[in-house]
Amino acid sequence: MNQYLIASIILSVVSALYLKFKPQKRNAFYGYRTYESQKSPEKWNLANTLAARLLLILSLILLTVSMLNLLIVIPKFIPLYMSILGIGLISLFAYVEIRLRRN
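In this report, we go over the structure that sits alongside the text. Keep in mind it's a predicted model, so treat the numbers as computed, not measured. (Residues numbered from 1 in each chain as written. Predicted model: local features only at pLDDT ≥ 70, side-chain atom pairs only at ≥ 80, totals over all residues. Heavy atoms only, no water.)

## Focus on the overall build of the protein
For the protein, the helix and strand inventory stands at 3 helices and 0 strands. Its helices and strands in sequence order give the protein the pattern α-α-α, from N to C terminus. Overall size of the protein, expressed as C-alpha extent along the three principal axes, is 45 × 25 × 15 Å. Considering the protein as a whole, with its 103 residues, one finds that 38% of them fall into the buried category. Pairs at least 24 apart in sequence give 62% of the contacts found in the protein among residues at least 6 apart. With the model as given, the accessible surface of the protein reaches about 6700 Å², and the carbon-plus-sulfur share is 70%. (Helix = DSSP H or I, 4+ residues; strand = E, 2+ residues; numbered from the N terminus. Buried < 20%, exposed > 50% of the residue type's maximum accessible area, 1.4 Å probe, protein only. Contact = heavy atoms within 4.5 Å. Areas by Shrake-Rupley, 256 points an atom, 1.4 Å probe, with all protein chains shown as cover.)

Below is the structure:
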């Protein structure tokens, strides 16, 4: 197994745990913490639910790409993996913040 597959598995497990055990109250330890998400308990719950779901989807996409790379060698795999990760995290943040501002 390569390190990207291992990282994808770990991210998938952490994402699933985050979805199952979302922080119920605002805290300083974990959760989706931005200025907008901390304005109210409703926004906190919405932000953490959306972030957990989207992070799980992103981790499953990365896991799929990593597994495909084991079956067929994908040229320029590392830039592809890092691009998916970067674009995915930026998109996650942008989507959650837009949804929070609409509520």
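## Topic: unusual backbone geometry
A positive phi is found at lysine 76, a non-glycine position, where the angle reads about 55 degrees. Looking at the element boundaries, lysine 76 is found in the loop between helix 2 (41–71) and helix 3 (77–102). Lysine 76 sits in the exposed class, given a relative accessible area of 67%.

## Quick look at the packing of helix 1 (residues 3–20) against helix 3
At a minimum axis distance of 12 Å, the contact between helix 1 and helix 3 shows a crossing angle of 20 degrees. It follows from the interaxial angle that helix 1 and helix 3 lie roughly parallel. You can see that helix 1 and helix 3 cross each other, and the crossing is left-handed. Contact with helix 1, carried on its side by Tyr4, Ala7 and Ser8, involves Phe77, Ile78, Tyr81 and Met82 of helix 3 and no other residues of that element. Class assignment of the residues belonging to the contact of helix 1 with helix 3 gives a composition of 6 nonpolar, 1 polar and no charged. (Axes fitted to C-alpha atoms, helices over the stretch in contact; angles between N-to-C directions. Parallel < 35°, antiparallel > 145°, perpendicular 65-115°, else oblique. Left-handed = near helix turned anticlockwise from the far one by under 90°. Nonpolar A, V, L, I, M, F, W, Y, C, P; charged D, E, K, R; others polar.)

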